[in-house]
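# Structural overview for review
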Amino acid sequence: MRAMDAIDTIICMGLPIVDVLRVGCTAIRETTGRRSGERGNMYATTLRCVFCGTDYPLTHRGSCTLCARPGEESALHETLGVHYDLAALKRQLDREELARRPAGLWRYREVLPVVDPLFRIDLGAGSTPLVPLTRISEAVEGNRLLMKVEGSNPSGSFKDRPIGVAASVALEQGARGLACLTSGNIGSAMAAVAAKAGVSSLVLLLGAAGLADHGVSVNVEKYVQISAYGAEVVTPVGNLGQLYALADRIEVELGWSFMHNVQAYQTDGDKTTAFEICEQLGWQAPAAVFVPTGTGTNLFGLWQGFVLFKELGFIDTLPRMFAIQPIGAASLVAAWEAHQALPSVLERIEPNLAPPISHRVSGYHAYQAMQESGGGAVAVADADMLAAMRDLASYEGIYAEMASAAALAGIRRALALGLLETEEMRQVGIVGILTSHGLKNSLALATVFPLPTKVEGTWEALHSYLEVKR
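Residues numbered from 1 in each chain as written. Predicted model: local features only at pLDDT ≥ 70, side-chain atom pairs only at ≥ 80, totals over all residues. Heavy atoms only, no water.

## Re the nonpolar core
Formed by 86 residues in total, the largest nonpolar core has its most connected members in Leu-178, Met-259, Phe-306 and Phe-309. Listed in part, the 35 residues of the second largest apolar core include Ile-324, Leu-386, Ala-388 and Ala-403. (Core = buried A, V, L, I, M, F, W, Y, C linked by side-chain atoms within 4.5 Å. Buried < 20%, exposed > 50% of the residue type's maximum accessible area, 1.4 Å probe, protein only.)

Take a look at the structure:
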């Protein structure tokens, strides 16, 4: 049976997903409940809503109960962040201590909310390169541009950070399995963590989160990757409201943790990208950071990371944060231009080449990060992202997914709009976050590049072909 047929077979059985799992599509591998007996210091104190300021215990799941409204898109609910005991952290942690530790996600364990080391699931995430661009035209002109290559993470995207932390928290809190709703990268990261932890995982795989009920085809490369990790994969039928209700049922019926219900801890994982950038720049923050943005959680997490490092005295300045979104799926750009802190839900999104960042709405937390940092938001066209992807690959040797290359496209758009100052560009430096590897979505670009030319296997034929190409 073909891989995609296998997905359709599960849906066509006519059973609710929870029932399909219960009757045993795969054996559920439960956690053993073992703990290491060792407890690290916990510096996390509360979950706090960035919109209304309400505090919740660290075991709280889901959204702020005062700000979330029934029927709202979930991105508008993503207002919780983890708060820490800064005084205690300052006594415990300094730059010299961090510098002595092995690289990776858990290098920053005091500012991540997992107490028992046994539950710090380590795939080797983090410690991704910060690469100076040297050959693209903007760099040749003397600008200091750097790309944080998050496609170097184990599953090929930045999601290894937020999911690595959120899944570790969920398992420490007693989850027997992991589940998520995704267009791909969250599913890959979660399935990999589940495999490492030895627990079951379920991925509700969509073509694009913003087109949940439009029958958009799923990404084949990401489906194959998720399946290889051993996850149960289904393509759910229904709108986002139905699917989030299903998520709650999964948690109740199976005792599994749905990743969207531990969103605050995903944000905590995103902070580590900011930590690494500061260390890689010699304990300095860049002038500005450009982030391909869907719901806005990554942008918010990065900002929280820079703020925390400044509060700890590790850096002296903060960067401006810029969101990059595709034209036709740019709710945050529209909100920014209208000075509307709560982005409106788009009636529809236009299909584009960047499904991972194509959502009907982005969250208030991202708007707040842009506002507090003095940044902004820009929209880019498919042609802009395609040109950026090709330039990164052919001039700098970096192959990034289209949604990832939006970072460079956004920098170029900001330059054209006069949003960046000369000193920022040439002295302090600008960082783009390349969120995922190009191999994540190569099939979608098959028509962009012509098939290779057939040439006779002789020097004369090859030489003649190369002369023509010149």
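## Some details on the sheet that holds strand E9 (residues 257-258)
Taken in spatial order, the four strands make up an open sheet running E8-E7-E6-E9, and their pairing is parallel. Of all strands in the sheet, those with a lone pairing partner are strand E8 (232-234) and E9, marking the two edges. Along the sheet, helix H7 (residues 185-197) makes contact with strand E6 (177-182) and strand E7 (200-205), crossing E6 at roughly 170°. (Pairing = 2+ DSSP bridges. Helix = DSSP H or I, 4+ residues; strand = E, 2+ residues; numbered from the N terminus. Contact = heavy atoms within 4.5 Å. Axes fitted to C-alpha atoms, helices over the stretch in contact; angles between N-to-C directions.)

## Quick word on helix H9 (residues 240-254)
Since the α-helix advances by 3.6 residues per turn, residues separated by three or four positions end up pointing in the same direction. Spanning 15 residues, H9 covers 21 Å between terminal C-alpha atoms, matching the ideal 21 Å at 1.5 Å per step. Along H9, the residues classified as buried are Leu-240, Leu-243, Tyr-244, Leu-246, Ala-247, Ile-250, Glu-251 and Leu-254. Along H9, the residues classed as buried sweep out an arc of 155° about the axis, all on the same side. Turned more than 90 degrees away from the buried face of H9, the exposed residues are Gly-241 and Val-252. Count one or two residues on from H9 and you reach Gly-255, which has phi positive near 75°. (Expected span 1.5 Å × (residues − 1). Arc of directions from axis to C-beta.)

## Here's the deal with the packing of H7 against helix H8 (residues 220-228)
If you want to describe how two helices pack, look at the angle between their axes and the distance between the axes. Between H7 and H8, the shortest axis-to-axis distance is 8 Å and the interhelical angle comes to 15°. Classified by the angle their axes make, H7 and H8 are roughly parallel. Handedness of the crossing formed by H7 with H8: left-handed. Between H7 and H8, the contacting residues are Asn-185, Gly-187, Ser-188 and Ala-191 on the first element and Lys-222, Gln-225 and Ile-226 on the second. Considering only residue class, the contact of H7 with H8 consists of two nonpolar, four polar and one charged. (Parallel < 35°, antiparallel > 145°, perpendicular 65-115°, else oblique. Left-handed = near helix turned anticlockwise from the far one by under 90°. Nonpolar A, V, L, I, M, F, W, Y, C, P; charged D, E, K, R; others polar.)

## Things to note about the packing of helix H14 (residues 382-396) against helix H15 (residues 402-416)
As a packed pair, H14 and H15 sit with axes 7 Å apart at the nearest point and diverge in direction by 100°. The pairing of H14 with H15 is recorded here as roughly perpendicular in orientation. Packed against H14, whose contacting residues are Asp-384, Met-385, Leu-386, Ala-387, Ala-388, Met-389, Asp-391 and Leu-392, the element H15 presents Met-402, Ala-405, Ala-406, Leu-408, Ala-409 and Arg-412 at the interface. When grouped by side-chain class, the residues that make up the contact of H14 with H15 number eleven nonpolar, no polar and three charged.

## As for unusual backbone geometry
Comment: phi is negative for the bulk of residues other than glycine, and the bulk of peptide bonds are trans. Look at Ser-127: it is not a glycine, yet its phi comes out positive at around 55°. For His-339, which is not glycine, the phi dihedral falls at a positive 55°. Along the chain, the position of His-339 falls in the loop between helix H12 (331-337) and helix H13 (364-373). Residue classification places His-339 among the exposed residues on the basis of a relative accessible area of 70%.

## Observations concerning the pairing of E6
Counting buried positions along E6 yields six of six residues, so the element is predominantly enclosed. Both faces of E6 are covered, namely the face carrying Gly-177, Ala-179 and Leu-181 and the face carrying Leu-178, Cys-180 and Thr-182. Summarising the sheet, E6 and E7 pair through six bridges and their orientation is parallel. Looking at the pairing, Leu-178 lines up with Ser-201 of E7. Handedness of the crossover joining E6 and E7 through H7 is recorded here as right-handed. With two bridges connecting them, E6 and E9 associate as parallel partners. Across the sheet, the residue bridging to Leu-178 is Ser-257, located in E9. (Right-handed = clockwise from strand over helix to strand, strands pointing away.)

## So, the side chain of Thr-435
One can find Thr-435 in the loop between strand E13 (430-434) and helix H17 (459-469). Dropping the residues within four chain positions of it, Thr-435 is found in contact with Glu-150, Gly-151, Gly-156, Ser-157, Phe-158, Pro-292, Asn-298, Ala-403 and Ser-404.

## Topic: the packing of aromatic side chains
Per the counting criterion, the structure on display carries nine aromatic pairs. Taken together, a centroid distance of 4.8 Å and an interplanar angle of 90° make the contact between Phe-51 and Tyr-364 edge-to-face. Taken together, the residues span a long stretch of sequence, with Phe-51 in the loop between strand E1 (44-49) and strand E2 (55-56) and Tyr-364 in helix H13 at a distance of 313 residues. Take Phe-51: its relative accessible area is 42%, and that puts it in the partly exposed class. (Phe/Tyr/Trp six-rings, centres within 6.5 Å; stacked < 30°, edge-to-face > 60°.)

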